[in-house]
Amino acid sequence: MKFTTPAGQNPIDQGKVVGKPHDRIDGKFKTTGTAPYAYERHDVVANPAYGYIVHAAIAKGRIGAMHLAEAKAAPGVITIVTAAEAGKLTKGDFNTAMLLGGPEIQHYHQAIAIVVAETFEQARAAANLVRVDYERGKGRFDLDEALKTAPLKGADSGEGSKAPPVDRVGDFEGAFAKAAVKLDARYTTPDHSHAMMEPHASLARWDGDKLTVWTSNQMIAWGKGDVAKTLGIPKENVRLISPYVGGGFGGKLFVRTDAIMAALGARAAGRPVKVALARPMMFNNTTHRPATTQRIRIGTDRSGKITAIAHESGSGDLPGGGPETAVSQTKLLYAGANRMTSMRLAVLDLPEGNAMRAPGEAPGLMALEIAMDEMAEKLGMDPIAFRIANDTQVDPEKPERRFSQRQLIKALQDGAKAFGWDKRNAKPAQVRDGKWLIGMGVAAGFRNNMNMKSGAKVSIDRKGIVTVYTDMTDIGTGSYTIIAQTAAEMMGVDMDRVVVRLGDSDSPVSSGSGGQWGANSSTAGVYAACVKLREAVAQKLGFNSGDVEFADGKVRSGNRSVALAEAAGDAGLTAEDTIDYGDLAKTYQQSTFAGHFVEVGVDMYTGEVRIRRMLAVCAAGRILNPKSARSQVIGAMTMGVGSALMEELAVDKRFGFFVNHDLAQYEVPVHADIPYQEVIFLEETDPTTSPMKAKGVGELGLCGVGAAIANAAYNATGIRIRDYPVTLDKMLDKMPPVA
Ligand code: MOS
């Protein structure tokens, strides 16, 4: 189905199942430990060997020699594979460094060998006996230093966030020089780690020259292609299976070394091999969100209208990598005739930077929305009023493009009311509750919507059970559930009559999960397949497909009514289709909007910032399942708390690695850190996005949260922290006097 004109009325608008809160189908499996993750597929492989990866202990240089004899002779060892034994490997399309290094080393903890043994413990013990002689090279690990000479570089994050090297509209410098009120400030965000619960893990089995990899991955088709390319085998010979994923956040958009090393280990061992990255290896072996340094300049007239706005971002990555697209939201969020955005990319020899939840907008808004708060204060305006004064209903760079829907003003206004914004004291450091200084902060949330081609196959069997097959993944987001809701709505059956099969590369290629495109795109693919299946049913029954109703497990036309099971017959009925998109996303700017509100308490004595309340008001098209969407937003807000107050990969600039490489040292928020969170969804359907009229919402829940917290901490204390995370060491010496 080609989607080229805005959607009209269709069966999804009935809203009998879609749009209703529904428990996650996979919830009971996950909470009872019965959802099989890649490392636990005892059902598919009876007696796997265990792989343990040896990781490089230098960040840059070469391996002089590897001494394997002792490890090979260790108890239980079956084989060891290094680059020397692996045969020719090619870098995949989606990764920057080789997934098996050697002799050249591109980053710290790059995989350099897999030791395969009878048990996990034997593999690990033997891996510790591998001796490596390194020739350490000189690496570049200091972002500030490297940015001094870094060139301009444009990029597309691959997740909807993009910008050219420099973009100019009007005359920024001239307008900024003349502005009545102006801000010129520098902000930094540190490197972040996805730190998802389930580590990267794979189980590989060869059947002749056919390879099956059970893995933990967001994008099955990308992964299948990259496994084939890396190993130099035909794509048809690779099958990827990933029905349950314990979190990804972008860290599993691409296959990583676990999949490749499991395949190489299994081939060498002549036996299935499973591999999981140990937690301390994840932070340096896999990808991370790159640190940024951002300069923002805003100029306004006396009334608070933006006349000039510039956002410049610098970040680093390995040779061949890309910049963090932190300026992308600044191109679209606020009006202003004179604009400039630019990005610089420094070459660093730290581990590979890549997409992490809402790449671009997440760190970009952490800076931009503090800058907006600072400007509002300079103008003596309420920060909500300042944002509303600079709203735009068209793409400010290309005014002929309207936003398909843009409810930022309503999100901010409704949020202000629900949150009790009128109780905020605009003057900082005025409100106390015992030893706590209390502050409120607000930020706009913005994240682009992307639509991705997505396919599905849907069948009805003789019992009337509807089964959906697609290579879509559920990374904890609720894909199983919203796909079942879509099929139930379309075929007129109850949810318990729908079976959803996800994450198998033998199924039709879907959008996959990334960039908050999964929900709208994958359900639209299921919609397309269901439209075909409805036609097949009508045709088989000799019904006029223009006037058929699917409801209560029956197909009706005029006064004829046939049970779906009967219509399917013994042979069943199957249809397959793909939703494919025309130019609507070019004609209209499709974005999602939020108002993020936070109340914090800052300990007067220690400077410790604690969250007291959070609210997100989201406008993101049709909400397919308010329960799972709410969970997505709450999870994202939680990640926002991490990025504001805790998360920071500490860079060892001498040796080029992230020092805090486990969950004891890389801190993320827990339940006790956030006593109260609420989410409000604004009424919205967006007919330009798909027949589902939905948009992404998961990443929107993160975008802006960090700044709302930093702004709340400022309101509480009068201390403006522009370098994340907002930790007490940055507050302590500036705290207001206690007596
Ligand atoms: Mo994307 S960073 O996988 O949501």
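An account of the accompanying structure is given in this report. (Residues numbered from 1 in each chain as written. Predicted model: local features only at pLDDT ≥ 70, side-chain atom pairs only at ≥ 80, totals over all residues. Heavy atoms only, no water.)

Strand order in the open sheet made by the seven strands is β4-β6-β2-β15-β12-β13-β14, with mixed pairing throughout. At either end of the open sheet lies a strand with only one pairing partner, and these are β4 (77-82) and β14 (238-241). The sheet shows a mean angle of 20° between the axes of neighbouring strands, taken without regard to direction. Examined bridge by bridge, strand β12 (residues 201-207) and strand β13 (residues 210-215) share six bridges and lie antiparallel to one another. Note on β13: the bridge partner recorded for L203 is W214. Across the sheet, helix α7 (residues 257-269) is in contact with β2 (49-55), β4, β6 (111-117), β12, β13 and β15 (273-276); its angle to β12 comes to roughly 35°. (Pairing = 2+ DSSP bridges. Helix = DSSP H or I, 4+ residues; strand = E, 2+ residues; numbered from the N terminus. Axes fitted to C-alpha atoms, helices over the stretch in contact; angles between N-to-C directions. Contact = heavy atoms within 4.5 Å.)

Right, let's get into the sheet that holds strand β28 (residues 591-603). Spatial strand order, β19-β20-β28-β29-β32: five strands in an open sheet with mixed pairing. The sheet is open, and its two borders are formed by β19 (431-433) and β32 (677-681), each paired with just one other strand. Sheet twist, expressed as the average angle between the axes of neighbouring strands with direction ignored, equals 25°. Pairing of β19 with strand β20 (residues 436-448) involves three bridges; the strand directions are antiparallel. Among the inter-strand pairings, V431 is bridged to a residue of β20, identified as I438. Helix-sheet contacts for helix α11 (residues 408-419) involve β20, β28, β29 (609-619) and β32, and the interaxial angle to β28 is about 30°. Relative to β20, helix α17 (residues 705-717) is tilted by about 155°, and along the sheet it contacts β20, β28 and β29.

In this section: the pattern of salt bridges. According to the stated counting rule, one finds 48 salt bridges in the structure shown. Across the pair D349 and R140 runs a salt bridge, and its minimum N-O distance is 3.0 Å. Of this pair, D349 sits in the loop between β18 (338-347) and α9 (361-379) while R140 sits in the loop between β7 (131-136) and α4 (143-147), and the two are 209 residues apart along the sequence. Several salt bridges converge on common partners, so that one network encompasses E159, E361, R447 and E699. (Salt bridge = Lys/Arg side-chain N within 4 Å of Asp/Glu carboxyl O.)

Turning to the nonpolar core, a few remarks are in order. One finds L333, V600, I611, M614, I709, V726 and M731 to be the most contacted residues of the largest nonpolar core, which totals 86 residues. No other element matches the 11 residues that α9 contributes to this core. Excluding anything up to four places from it in sequence, I709 contacts V598, V600, I611, M614, G640, V641, A644 and L645. (Core = buried A, V, L, I, M, F, W, Y, C linked by side-chain atoms within 4.5 Å. Buried < 20%, exposed > 50% of the residue type's maximum accessible area, 1.4 Å probe, protein only.)

Glancing now at the layout of surface pockets. As a volume, the second largest pocket reaches approximately 700 Å³. Contributing to the lining of the second largest pocket are 29 residues, with G160, K162, R401, A585 and Q589 lying nearest its centre. Counting only elements with at least two residues in the lining of the second largest pocket, the list comes to β9 (162-163) and α15 (584-587). With three residues, α15 is the largest single contributor of residues to the lining of the second largest pocket. Of the residues belonging to the lining of the second largest pocket, the class tally is nine nonpolar, 11 polar and nine charged. (1 Å grid on protein atoms, 1.4 Å probe; cavity = no way out; pocket = protein on both sides within 12 Å on 5 of 7 lines; lining within 4 Å. Points joined across faces, edges and corners; volume = space filled by probe spheres on them. Nonpolar A, V, L, I, M, F, W, Y, C, P; charged D, E, K, R; others polar.)

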